[in-house]
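# Residue-level structural notes
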Amino acid sequence: MPFKAPVEDMLFVLNNLCDLDQISQMPGYEDAQPDMVEAILGEAAKFSQEVLAPLNKKGDQQGSTFAKGEVATPEGWREAYQQLVEMGWNSPKTGAEHGGMGLPSVVNASIQEMFTSANTSFMLAPLLTQGAIESIAGFASPQLQEVYLPKLVTGEWTGTMNLTEPQAGSDLAAITSKAVPQGDHYLISGQKIFITYGEHDMSENIIHLVLARLPNAPAGVKGISLFIVPKFMVNENGTLGDRNDVECISIEHKLGIHASPTCTMAYGTANGAIGYLVGEPHEGLKYMFTMMNAARLGVGLQGVGIAEHATQHAIDYAMERKQGQTPQGTAPSIMGHPDIRRMLGLMKSRTEAARVLAYRAAAAEDMAHKAMDAEQRAFFQRRLDLLIPVVKGWSTELCVDIASLGVQIHGGMGFIEETGAAQHFRDARITTIYEGTTGIQALDLVGRKIKRDQGAAAMELVHDMRETAQKASQRTDAHVDWSQVEHVAQSAAQAVEDVTRWLVQRNDHSPQAAAANVLELFGIALGAWAMADAAIAASDQLMIDKDNKFVRTKLKTVAFYNAQVYPKAAMLQQVIFDANDEVLNFNSNDFEVA
Ligand SMILES: Cc1cc2nc3c(=O)[nH]c(=O)nc-3n(C[C@H](O)[C@H](O)[C@H](O)COP(=O)(O)OP(=O)(O)OC[C@H]3O[C@@H](n4cnc5c(N)ncnc54)[C@H](O)[C@@H]3O)c2cc1C
């Protein structure tokens, strides 16, 4: 089934719901005028449809393979990577001062979504390279930047992120990899597991960003430092030198993303891998966290992208498969069955709501970096920090459910690999785990993002949600049930406010117990806010162009979301308020099977 990048919806979201016109006025983003953005997305769509999507299934079937320390990517991967790099798609949001396109993060979000939607496994390499670029550009010395940044930006070299060790997954305080100072560098030793694209054959060098401890470093997260460890050393004239003491010793056999090599990396098994300290000693985790906003947004966009692709796949199948009778008579296809349209509605409406939320987080990142006024920059940084765990946690949990509905719509054929529906489901499953599991995102939302500032950032959001509800209440134009839109938008704002106040007041363990439900409630409520704004923008456009099919469908999608998705928020609110220590009173031995 051919993949089609949803450019029309992306442009609708960028232009109407993410203030692209305002962002393109900011210094450095002047090139991102709406007509230029439309042209860029058109080109990106072609690349995603013609180059990346056709390799998706082949990559799943062949997978990456490992032999004698080397990883071979599937057929066509190297050529596609070469094309990506030549067309400048490796790093669209890196500033022009470092050789990138300098696009706003919000435009980059659309490009990343369509690429990752077309081929999730492939796009993990550029995603991690972007993370490496951001840590080096943000925190490394000018000398290190000069050596490593240019080729990461062009994509001649790729980057990796090395956090996880066998005993240190969610709990990075348990990291034991060592870094011993020696002259102008450090000798790194230890083992890292699950390192995405830790070894591959698409670029001439791989730059590993590695967390390790200096001798006598304080215990816990305060004693972790960040190092650049290249696969090949770089000579003074920029050419590649000797192989460093780092190697891939195996790759994992996985449920999904088969083509993305997940590597076990051994550092310093001979003399110690040569590494260079990024920034200050013991500040590594702080640097990684800065870069994690980008990586978590990237994984949130994977959620949106996989959901979009799975939805397109299911729509196509539902149009063709003939089975059974509808209440009106013989169905031309299973699309005639209300239950199929219910499932497709759940897929489409939640994908579109999650897209708005992810792009709004990206727009907040742009404003946090470039707004003229310091107060505005601080406001948008708070907004970004609050949205990130919701985007990462909600979009990825959604994409697993949406891909599962996609399998269901295919019936038995969904369970058979040939149709491709199962691949979306398998590929989706990792997104709720890496870059911090949903449980960890939920704790971040509740603890760091809501309780720590006594709910201030969340209440700023409530204010904006109420503004949207107010706008909806003033609408009178036909073709939209404005009382429903206003009611849902008000109710969503109230739910976020009530839950925020409850969290701030609780001093026991109930916020942690409720955290995952809080995250889902925020996702659904902020999705309703996004949908109310979408209804207002769509209705405005319909008044100018009454035959516009896209906006007519958008209004139906909003109505579906409000009627079939939003009501879960009330149930979640009840569950949250009941999540006290007595309800979660299990001991480990209560789970023992007699
Ligand atoms: C395909 C793949 C690619 C990956 N790529 C990379 C990579 O490129 N670089 C890298 O460094 N790592 C990578 N990882 C590792 C990934 O980030 C970790 O798997 C993830 O952070 C979870 O850690 P863990 O597997 O040790 O699970 P654990 O931390 O053992 O978690 C197990 C369960 O316990 C829960 N849990 C843990 N701690 C808490 C807590 N404090 N409160 C509540 N619940 C908790 C978790 O939510 C989870 O449900 C990758 C993993 C995979 C599978």
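Structural data are supplied above this passage.
Residues numbered from 1 in each chain as written. Predicted model: local features only at pLDDT ≥ 70, side-chain atom pairs only at ≥ 80, totals over all residues. Heavy atoms only, no water.

### Overview of the overall build of the protein chain
From N to C terminus, the protein chain includes 18 helices and 14 strands. In summary, the protein chain has a C-alpha radius of gyration of 24 Å against a globular reference of 25 Å for 594 residues, a match within 12%. Along the three orthogonal principal directions, the C-alpha set of the protein chain runs to about 75 × 65 × 55 Å. Every one of the 594 residues in the protein chain was classed for burial, and the buried ones make up 58%. If you take every contact in the protein chain between residues at least 6 apart in sequence, the share linking residues at least 24 apart comes to 75%. For the protein chain, the exposed surface amounts to about 24600 Å²; the carbon and sulfur share of it is 53%. Distance between charge centroids for the protein chain: 4 Å, based on 47 positive and 70 negative side chains. (Helix = DSSP H or I, 4+ residues; strand = E, 2+ residues; numbered from the N terminus. Rg over C-alpha atoms; globule rule 2.2 N^0.38 Å. Buried < 20%, exposed > 50% of the residue type's maximum accessible area, 1.4 Å probe, protein only. Contact = heavy atoms within 4.5 Å. Areas by Shrake-Rupley, 256 points an atom, 1.4 Å probe, with all protein chains shown as cover. Lys, Arg positive; Asp, Glu negative; His and termini not counted. Charge placed at Lys NZ, Arg CZ, Asp CG, Glu CD.)

### Digging into the site of the ligand
Taken together, 19 residues surround the ligand, and among them Met161, Thr164, Ser170, Phe194 and Thr437 come closest. The side chain of threonine 196 places a nitrogen or oxygen atom 2.7 Å from a nitrogen atom of the ligand. For the ligand, an oxygen atom lies 2.7 Å from a polar atom in the side chain of threonine 437. In the complex, 61% of the free accessible area of the ligand, which totals 960 Å², lies under the protein chains. For the shell around the ligand, the elements supplying multiple residues, two or more each, are strand E3 (157-162), strand E5 (185-196) and helix H13 (438-451). Looking at which element gives the most residues to the shell around the ligand, the answer is E5, with three residues. Class assignment for the residues of the shell around the ligand results in 10 nonpolar, seven polar and two charged. (Near = heavy atom within 4 Å. Polar contact = N/O pair within 3.5 Å; in protein donor to acceptor, adjacent residues only side chain to side chain. Nonpolar A, V, L, I, M, F, W, Y, C, P; charged D, E, K, R; others polar.)

### Let's talk about the pairing of strand E7 (residues 224-230)
Along E7, seven of the seven residues are buried, which leaves the element largely enclosed by surrounding structure. Side-chain alternation along E7 places Ile224, Leu226, Ile228 and Pro230 on one buried face and Ser225, Phe227 and Val229 on a second face that is also buried. Of the pairings in the sheet, the one linking E7 to strand E12 (residues 273-278) comprises three bridges and is antiparallel in character. Bridge pairing in E12 places phenylalanine 227 opposite leucine 277. (Pairing = 2+ DSSP bridges.)

### Side note on the nonpolar core
Leu41, Val106, Phe115, Tyr359 and Trp394 are the most contacted members of the largest nonpolar core, which has 149 residues in total. Counting residues per element, this core draws most heavily on helix H16 (residues 510-544), at 20 residues. For leucine 41, the contacting residues outside a window of four places in its chain are Val7, Met10, Leu11, Leu14, Val107, Ser110, Ile111 and Met114. Grouped together as the second largest cluster of nonpolar side chains are 30 residues, Met161, Leu163, Val278 and Leu285 included. (Core = buried A, V, L, I, M, F, W, Y, C linked by side-chain atoms within 4.5 Å.)

### A short note on the environment of alanine 259
Within the element layout of this structure, alanine 259 appears in the loop between strand E10 (246-251) and strand E11 (262-267). For the pair alanine 259 and tryptophan 77, spaced 182 residues apart in sequence, the C-alpha to C-alpha distance is 9.1 Å. Excluding anything up to four places from it in sequence, alanine 259 contacts Gly59, Gly63, Ser64, Pro74, Trp77, Ser121 and Tyr197.

### Overview of the state of the cysteines
The tally for this structure, following the rule as stated, stands at zero disulfides. Cysteine 399 supplies the cysteine sulfur nearest to cysteine 18, a cysteine that is in no disulfide, at a spacing of 20 Å. Cysteine 263 supplies the cysteine sulfur nearest to cysteine 248, a cysteine that is in no disulfide, at a spacing of 3.9 Å. According to the relative accessible area criterion, cysteine 248 is buried, its value standing at 1%. (Disulfide = S-S within 2.5 Å.)

### Regarding the packing of H16 against helix H17 (residues 549-565)
Contact geometry of H16 with H17 gives a least axis separation of 9 Å together with a crossing angle of 150°. Taken together, the axis directions place H16 and H17 in an arrangement best described as roughly antiparallel. The interaxial crossing formed by H16 with H17 has left-handed handedness. Note on element contacts: H17 touches H16 through Val551, Arg552, Lys554, Leu555, Thr557, Val558, Tyr561 and Val565, opposite Gly523, Ile524, Gly527, Ala528, Met531, Ala534, Ala535, Ala538, Ser539, Gln541 and Leu542. Here the contact of H16 with H17 is built from residues that sort into 12 nonpolar, five polar and two charged. (Axes fitted to C-alpha atoms, helices over the stretch in contact; angles between N-to-C directions. Parallel < 35°, antiparallel > 145°, perpendicular 65-115°, else oblique. Left-handed = near helix turned anticlockwise from the far one by under 90°.)

### Observations regarding the packing of aromatic side chains
This structure, assessed with the given rule, holds 11 aromatic pairs. Consider the rings of tryptophan 89 and phenylalanine 115, whose centres lie 5.6 Å apart with planes at 85°: the pair is edge-to-face. With tryptophan 89 in the loop between helix H4 (77-86) and helix H5 (105-118) and phenylalanine 115 in helix H5, this residue pair connects regions lying 26 residues apart in the sequence. We note that tryptophan 89, like phenylalanine 115, is buried. Ring centres of tyrosine 148 and tryptophan 157 lie 6.2 Å apart, and the angle between their planes is 55°; on these two criteria the pair is classed as tilted. For tyrosine 148, a relative accessible area of 3% translates into the label buried. Pairwise contacts between aromatic rings join Phe47, Trp89 and Phe115 into one cluster. Above the face of the phenylalanine 232 ring, arginine 243 is positioned so that its terminal group lies 5.6 Å from the ring centre. The aromatic ring of phenylalanine 289 is capped on one face by arginine 448, whose charged end is 5.5 Å from the ring centroid. (Phe/Tyr/Trp six-rings, centres within 6.5 Å; stacked < 30°, edge-to-face > 60°. Lys NZ or Arg CZ within 6 Å of the ring centre and 35° of its normal.)

### Looking at helix H8 (residues 284-320)
With 37 residues, H8 extends 53 Å from end C-alpha to end C-alpha; this agrees with the ideal 54 Å at 1.5 Å per step. Where burial is concerned, most of H8 is hidden: 30 out of the 37 residues are buried. (Expected span 1.5 Å × (residues − 1).)

### Quick word on the environment of glycine 131
Summarising the element assignment, glycine 131 is placed in helix H6 (residues 120-139). Measuring from C-alpha to C-alpha, the distance between glycine 131 and alanine 331 comes to 49 Å, with 200 residues separating the pair along the chain.

### Let's talk about the packing of H13 against helix H15 (residues 482-505)
Contact pair H13 / H15: the axes reach a minimum separation of 11 Å and the direction vectors enclose 85°. Relative to H15, H13 is oriented roughly perpendicular. Within the contact between the two elements, H13 uses Val446, Ile450 and Lys451 and H15 uses Thr500, Leu503 and Val504.

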